[in-house]
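Residue-level listing of the chains:
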Amino acid sequence: MNILVLNCGSSSVKFQLLDMTTERVLAKGIVERIGAVQARFKYETEEKRIEKEPPDVHDHAEAIGVILDQLTDAQEGVLGSVEEIEAVGHRVVHGGEHLSESMLIDDRVHKVLEECIPLAPLHNPANISGIDATSRALPHVPQVGVFDTAFHQTIPRMAFLYALPAWLYEKYRLRRYGFHGTSHRYVSQRCAELLGAPIGELKIITCHLGNGASVTAVNGGKSEDTSMGFTPLSGLMMGSRCGDIDPAIPVFLMKNEGFSPGRVDNLLNRRSGIKGLSSDKYIDMRDVEEQYFKNDPLCTEIIEMYAYRVRKYIGAYTAVMSGVDAVVFTGGIGENSSVVRGLVCSPLGYLGLELGRKLNSYAFKPGSGDEGMITKEGSKVSAWVIPTNEELLIARDTKDIVLAVAAR
Ligand code: ADP
């Protein structure tokens, strides 16, 4: 069963085509700079890597056209025709309170996604436009939505409510939603497999540390709390987002600097985090690390601040779950930065987490599925590096849902 996984962003479409009989990736790639003067297309199979500059990619429909043409190209493609695509799985950012699991996209689900636009004004319109373009290009192919927020719908009310006037929740559904749900779900399930224990019996803290970053308390396979909130701005310090700050700071900026809502939004989302602390010099953790190794005081402070915040959430979520069995690191930083992992974990000996220095400094090979434990044999709490694989989970959900519908 061939499943096409699509991740439609505002100016890009990422894709993977998987053969779900073997879970093998047949082809993957990205169309970038949609709507710009010149789009870019990267395409990769087991045998080849291609980069092109396709003309006239004005919207998601044209980007999906480029992808389907490439997949069925007589020389470079992997499919005889688009008929060989049996289902499409979409990564969708916001499913609100009504979509608490992956779903076949029908008129009802489509309507809910539209209703969720105010909650994710940058992401949901692009996701919907990708779904609509797919319906036109592949009208008879079932489509499944896998929502970033769905995994966190198990968070109890006392943890998802903000201590704000009740009418704000009633009127706007203003509450903690959390994001990166597909990633937290994938790595927590994989961690249980690697531990050889039923996930229902495990307390796992998953740290997704990429450009955006979040930590989740996964208790018995369910999200019990997560660091992102109503938007992806809260929680950890990130590449250009501030994470947790005193909520009075935006008001201070408005009063003292005359900031408009737009400027506050820009400052907190795009000019803060690593970028803000370094006065726009760095945004990429690789560059911060390079300077850290040269004992640069600014980069040392940035990296220590970053790790401190991750550790603080690990402490908080250990308290939330009354214990922890395993901590998982994923995302570009979690998978690659032994420095960050070391600074996060070294002071956690009191919890029974004993980091193995050599195990932690092993260079996990990016993109190869390389994964493993970084704590010493016998450590009461284990820590793991597990590369996330949201596409695989989206394809698995899509396959399960399509087969279940066909069996009805
Ligand atoms: P996104 O959230 O956009 O999917 P990724 O999960 O790819 O991002 O993570 C991007 C982050 O990972 C960047 O800050 C980048 O610096 C960091 N990163 C990637 N490789 C390394 C590395 N070898 N060492 C440290 N950080 C890395």
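Conventions adopted
- Residues numbered from 1 in each chain as written.
- Predicted model: local features only at pLDDT ≥ 70, side-chain atom pairs only at ≥ 80, totals over all residues.
- Heavy atoms only, no water.
- Near = heavy atom within 4 Å.
- Polar contact = N/O pair within 3.5 Å; in protein donor to acceptor, adjacent residues only side chain to side chain.
- Helix = DSSP H or I, 4+ residues; strand = E, 2+ residues; numbered from the N terminus.
- Nonpolar A, V, L, I, M, F, W, Y, C, P; charged D, E, K, R; others polar.
- Axes fitted to C-alpha atoms, helices over the stretch in contact; angles between N-to-C directions.
- Parallel < 35°, antiparallel > 145°, perpendicular 65-115°, else oblique.
- Contact = heavy atoms within 4.5 Å.
- Buried < 20%, exposed > 50% of the residue type's maximum accessible area, 1.4 Å probe, protein only.
- Pairing = 2+ DSSP bridges.
- Expected span 1.5 Å × (residues − 1).
- Phe/Tyr/Trp six-rings, centres within 6.5 Å; stacked < 30°, edge-to-face > 60°.
- Lys NZ or Arg CZ within 6 Å of the ring centre and 35° of its normal.

Enquirer: Please clarify how the site of the ligand should be interpreted in this entry.
Expert: The environment of the ligand is made up of G210, N211, G212, D284, M285, R286, E289, G331, G332, I333, N336 and S337. Residue G332 places a main-chain N or O atom 2.9 Å away from an oxygen atom belonging to the ligand. I333 places a main-chain nitrogen or oxygen 3.3 Å from an oxygen atom of the ligand. Broken down by element, the residue count for the shell around the ligand peaks at 4 residues, all from helix 12 (residues 331–336). In the shell around the ligand, the residues fall into 2 nonpolar, 7 polar and 3 charged.

Enquirer: Any chance you could explain the packing of helix 10 (residues 285–292) against helix 13 (residues 338–345) here in plain terms?
Expert: If you want to describe how two helices pack, look at the angle between their axes and the distance between the axes. Interhelical geometry of helix 10 versus helix 13 gives an angle of 75° and a closest axis separation of 10 Å. Compared by their axis directions, helix 10 and helix 13 come out roughly perpendicular. For the pair helix 10 and helix 13, contact is made by M285, E289 and Y292 and by S338, V339, V340 and L343, respectively. Tallied by class, residues from the contact of helix 10 with helix 13 come to 5 nonpolar, 1 polar and 1 charged.

Enquirer: Please clarify how the pairing of strand 4 (residues 40–44) should be interpreted in this entry.
Expert: Along a regular strand, successive side chains alternate from one face of the sheet to the other. Here strand 4 shows a buried face lined by F41 and Y43 and an unburied face lined by R40, K42 and E44. Bridge count for strand 3 (residues 24–32) against strand 4 is 5 bridges, and the pairing is antiparallel. From the neighbouring strand, V31 faces strand 4, where its bridge partner is F41. Relative to strand 5 (residues 49–52), strand 4 is paired through 4 bridges, and the arrangement is antiparallel. In the sheet register, F41 faces strand 5, and the bridge partner there is K52. Taking the residues between adjacent antiparallel strands as the criterion, strand 4 and strand 5 are bridged by 4 residues.

Enquirer: Sorry if this is basic, but what is going on with the side chain of T330 here?
Expert: As for its placement among the helices and strands, T330 is situated in strand 12 (residues 326–330). In terms of polar contacts, T330 uses its side chain to reach the side chain of E335, at 3.1 Å. Excluding anything up to four places from it in sequence, T330 contacts S183, V187, C207, H208, L209, E335, I386, P387 and T388.

Enquirer: I'm lost on the sheet that holds strand 6 (residues 87–92) in this one. Help?
Expert: The strands that make up a sheet are held in pairs by hydrogen bonds between backbone atoms, and each pair lies either parallel or antiparallel. If you walk across this open sheet you meet the 8 strands as 5-4-3-2-1-6-8-7, and the pairing is mixed. The open sheet has two free edges, formed respectively by strand 5 and strand 7 (103–104), since each of these has just one partner strand. By the bridge criterion, 2 bridges tie strand 7 to strand 8 (residues 143–147) in an arrangement that is antiparallel. The residue of strand 8 that forms the bridge with L104 is V144. Sitting on the sheet, helix 3 (residues 124–137) is in contact with strand 1 (2–8), strand 6 and strand 8, with an inclination near 170° to strand 6.

Enquirer: For this particular structure, what's the right way to read helix 15 (residues 390–407)?
Expert: An α-helical turn contains 3.6 residues, so a residue and the one three or four places further along point in the same direction. When the terminal C-alpha atoms of helix 15 are compared, their 26 Å separation across 18 residues agrees well with the 26 Å that a helix rising 1.5 Å per residue should span. Looking at the buried residues of helix 15, the elements they touch are strand 1, strand 2 (13–19), strand 6, strand 7, strand 8 and helix 6 (181–195).

Enquirer: Mind showing me how you'd approach the packing of aromatic side chains here?
Expert: The description of an aromatic ring pair rests on the distance of the ring centres and on the angle between the ring planes. Under the criterion given, the structure shown has 8 aromatic pairs. With a centroid separation of 6.1 Å and an interplanar angle of 35°, the aromatic rings of F41 and Y43 are classed as tilted. Across this residue pair, the class does not change: F41 and Y43 are buried. Ring centres of F160 and Y169 lie 6.0 Å apart, and the angle between their planes is 50°; this geometry places the pair in the tilted category. Relative accessible area serves as the criterion here: at 9%, F160 is assigned to the buried category. Y169 gets classed as buried once you look at its relative accessible area, which sits at 11%. Taken together, the ring pairs in this structure connect F15, F41 and Y43 into an aromatic cluster. If you follow R173 out to its NZ or CZ, it ends over the ring of Y169, 4.4 Å from the centre.

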